[in-house]
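# An overview of the molecular structure
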Amino acid sequence: MMRSTTGTLALRGAVAVLFGLLAILWPRLTVYALALLFGAFALVNSVFVLIEVLRAGDGSRRERVRRRVPQLIAAVLGVAAGLATLMWPQITVLVLVTLVGAWAVVTGIADVWAAAQQRGHWLTALTGAVSIAAGVLVLVLPTLGALAIARVLGVYALVVGVLMFVEAARRRRAVSGEAAPAGAP
């Protein structure tokens, strides 16, 4: 059992490292691919919800429709979002980057405000100022923001992938009798 999970973990690590490298080396392609994957997911998921809603056979037709209206609305909106994303992936990326930039500005303002209410919280104020600056930069230069997000995602995937390899190696040594202490590489 341990051997199969070790192999799976190593495979997951390899996939994460590969994804990380691709995201760092080709961030534009990564952002575009993520938008298309989201569009495909939203479309397929929503079609299945529509099928489920339309096939449901419990209760009278009127009662069924009344109970399923929220799912029906969500499914129709999901199909529309999926199709729109697949037709215009650049707009999806722009909306995502705009949300990230706006979030950074709002949380930065909240941090600065909170720091102003208390003495000695200059690091919170500095954190807020950095968040505001990053958010404004992303909002003013959304293409750079999208590329930065892709690169950060790539670095994250690389780190996680390497950690998975290290853990898989530790498990393999433990199984082969060279038991390493917990947490040791």
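The structure under discussion appears in the preceding block.
These lines cover the structure that appears in this document, whether it is placed above or below. Since this is a predicted model, take the numbers as computed values, not measurements.

Let us now look at the pattern of salt bridges. It is possible for side chains bearing opposite charge to pair when their charged atoms get close. Taken as a whole, this structure holds two salt bridges when the rule is applied. For R170, the salt bridge is made with E167, and the minimal N-O distance between the two is 2.8 Å. Of the two residues, R170 and E167 are both situated in helix α6 (residues 142-175); the distance of three residues between them amounts to about one turn of the helix. Exposure remark for E167: the relative accessible area of 25% places this residue in the partly exposed category. Where E167 meets R171, a salt bridge forms, and the shortest distance between an N and an O atom there is 3.2 Å. Taken together, the positions of E167 and R171, both in helix α6 and four residues apart, correspond to about one turn of that helix. Each of E167, R170 and R171 takes part in salt bridges that share partners, so that together they form one network.

Relative to each other, helix α2 (residues 27-55) and helix α4 (residues 89-116) sit at 100 degrees, their axes nearing to 9 Å. Of the possible angle classes, the one that applies to α2 and α4 is roughly perpendicular. For the pair α2 and α4, contact is made by V31, Y32, A35, L36 and F38 and by P89, Q90, T92 and V93, respectively. A per-class count over the contact of α2 with α4 returns seven nonpolar, two polar and no charged.

Cut-offs and rules
Numbers given for residues are sequential positions, taken from 1 along each chain in its written order. Local features in this predicted model are restricted to residues of pLDDT 70 or higher, and side-chain atom pairs are both shown and tallied only at a pLDDT of 80 or more, whereas totals for entire chains, interfaces and linings draw on every residue. The side-chain quantities take in all heavy atoms of the structure and omit both hydrogens and water. A pairing counts as a salt bridge when a side-chain nitrogen of Lys or Arg comes within 4 Å of a carboxyl oxygen of Asp or Glu. Only DSSP runs of H or I covering at least 4 residues are called helices, and only runs of E covering at least 2 are called strands; the numbering of each starts at the N terminus. Burial status follows relative accessibility: with a 1.4 Å probe on protein chains alone, a residue under 20% of its type maximum counts as buried, one over 50% as exposed, and anything between as partly exposed. Axis lines are fitted through C-alpha atoms, for helices just across the contact stretch, and the angle between N-to-C directions can take any value from 0 to 180 degrees. Here the angle decides the label: under 35 degrees means roughly parallel, over 145 means roughly antiparallel, 65 to 115 means roughly perpendicular, and every other value means oblique. The contact criterion used throughout is that any non-hydrogen atoms of two residues lie within 4.5 Å. Note on residue categories: nonpolar means Ala, Val, Leu, Ile, Met, Phe, Trp, Tyr, Cys or Pro, charged means Asp, Glu, Lys or Arg, and polar means any other residue, Gly included.

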